[in-house]
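Understanding the architecture of this molecule
So you can see what is in the structure, the chains are spelled out below.
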Amino acid sequence: GTQKQRLLRVSGNPGRSMAALPNGQLAYVQKATEQTWFLKIYNPQKQTSEILLKMPSGTEDFAVLPDGTYLTGNAAKLFQYKPGRNTDWKEIADLSKYGVKAISRLAVSKDGKLAVVVTQ
């Protein structure tokens, strides 16, 4: 027979980035207020969401590496968050020395290569 599909509201006012995780869960950004945005995980089995951590101010884009590490950019800086290891975003690179003013988009390939869209 045909499967019935249901539309399920996961979040109001989400950011523009979402990522399907290997465990079937969904990572996304929730814009709680104008200033406070959270990285959240949605569990489709339980239909529950939990906050992982607060995003850097004004940042809604992120990417997830194959090992589960989250990456985000704020201004010209690149940050990472490893669940279970870090408690907050940790700066791992400053791209301003390459003339970068802002990191606007991030994407990761299946083999772990990072692509970054920047403003110079």
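Look up a bit, the structure's there.
Per-chain numbering applies: the sequence of each chain, read as written, is numbered from 1 onward. Totals for whole chains, interfaces and linings use every residue, but because this is a predicted model, local features are given only for residues with pLDDT of at least 70 and side-chain atom pairs only at 80 or more, for both listing and counting. Hydrogens and waters are ignored; side-chain quantities use all the structure's heavy atoms.

1. Focus on the overall build of the protein
Going by this rule: Numbering of helices and strands starts at the N terminus; helices are DSSP runs of H or I of at least 4 residues and strands are runs of E of at least 2. Throughout this description, buried means an accessible area under 20% of the type-specific maximum (1.4 Å probe, protein chains only), exposed means over 50%, and partly exposed covers the range between. Only heavy atoms enter the contact rule, under which two residues are in contact if any of them lie within 4.5 Å.
Looking only at helices and strands, the protein features zero helices and ten strands. Every one of the 120 residues in the protein was classed for burial, and the buried ones make up 35%. Long-range contacts, defined here as pairs at least 24 residues apart, represent 28% of the contacts in the protein between residues at least 6 apart.

2. A short note on the sheet that holds strand β5 (residues 63–64)
The strands making up a sheet associate through backbone hydrogen bonding, with each pair oriented either parallel or antiparallel. We apply this condition: Note on pairing: two strands pair once DSSP finds at least 2 bridges between them.
Read across the sheet, four strands follow the order β5-β6-β7-β8 without closing on themselves; strand pairing throughout is antiparallel. This sheet does not close on itself; its edge strands, each paired only once, are β5 and β8 (90–94). Bridge analysis of β5 against strand β6 (residues 70–74) gives two bridges, and the strand direction is antiparallel. Bridging from a neighbouring strand, A63 pairs with L71 of β6.

3. Points about unusual backbone geometry
Not every positive phi belongs to a glycine, and Q47 is a case in point at roughly 55°. Looking at the secondary structure, you find Q47 in the loop between β3 (37–43) and β4 (48–54). Note on Q47: relative accessible area 42%, which makes it partly exposed. Look at A75: it is not a glycine, yet its phi comes out positive at around 55°. Mapping A75 onto the fold places it in the loop between β6 and β7 (77–81).

4. Quick look at the packing of aromatic side chains
So the rule is basically this: Here the aromatic set is Phe, Tyr and Trp, taking the six-membered ring for Trp, and pairing holds for ring centres within 6.5 Å; pairs whose planes are under 30 degrees apart are stacked, those over 60 apart are edge-to-face, and all others are tilted. We count a charge as sitting over a ring when the NZ of a lysine or the CZ of an arginine lies within 6 Å of the ring centre and within 35 degrees of the ring normal.
In the structure shown here, the tally under the stated rule is three aromatic pairs. Plain terms: the ring middles of Y70 and Y81 are 6.3 Å apart, the flat faces sit at 40° to each other, and that makes the pair tilted. Of this pair, Y70 sits in strand β6 while Y81 sits in strand β7, placing them eleven residues apart in sequence. The rings of F62, Y70, Y81 and W89 are connected pair by pair, giving a single aromatic cluster. One cation-aromatic arrangement involves K31 over W37; the distance from NZ or CZ to the ring centre is 4.6 Å.

5. A few points about the nonpolar core
Where we set the bar: Throughout, nonpolar core names a set of buried Ala, Val, Leu, Ile, Met, Phe, Trp, Tyr and Cys residues whose side chains join them through atoms within 4.5 Å.
By size, the foremost hydrophobic cluster in this structure holds 15 residues, and its most contacted members are A27, L39, M55, F62, Y70 and W89. Elements with a minimum of two residues in this core: β2 (26–31), β3 and β7. Sort the elements by how many residues they give to this core and β3 lands first, with three residues. Beyond its immediate sequence surroundings of up to four residues, L39 is in contact with Y28, V29, E50, I51, L52, L53, M55, F62, Y70 and W89. L78, V100, I103 and L106 belong to the second largest nonpolar core, which has seven residues in total.

These results come straight from atomic positions and should not be treated as a statement about function.
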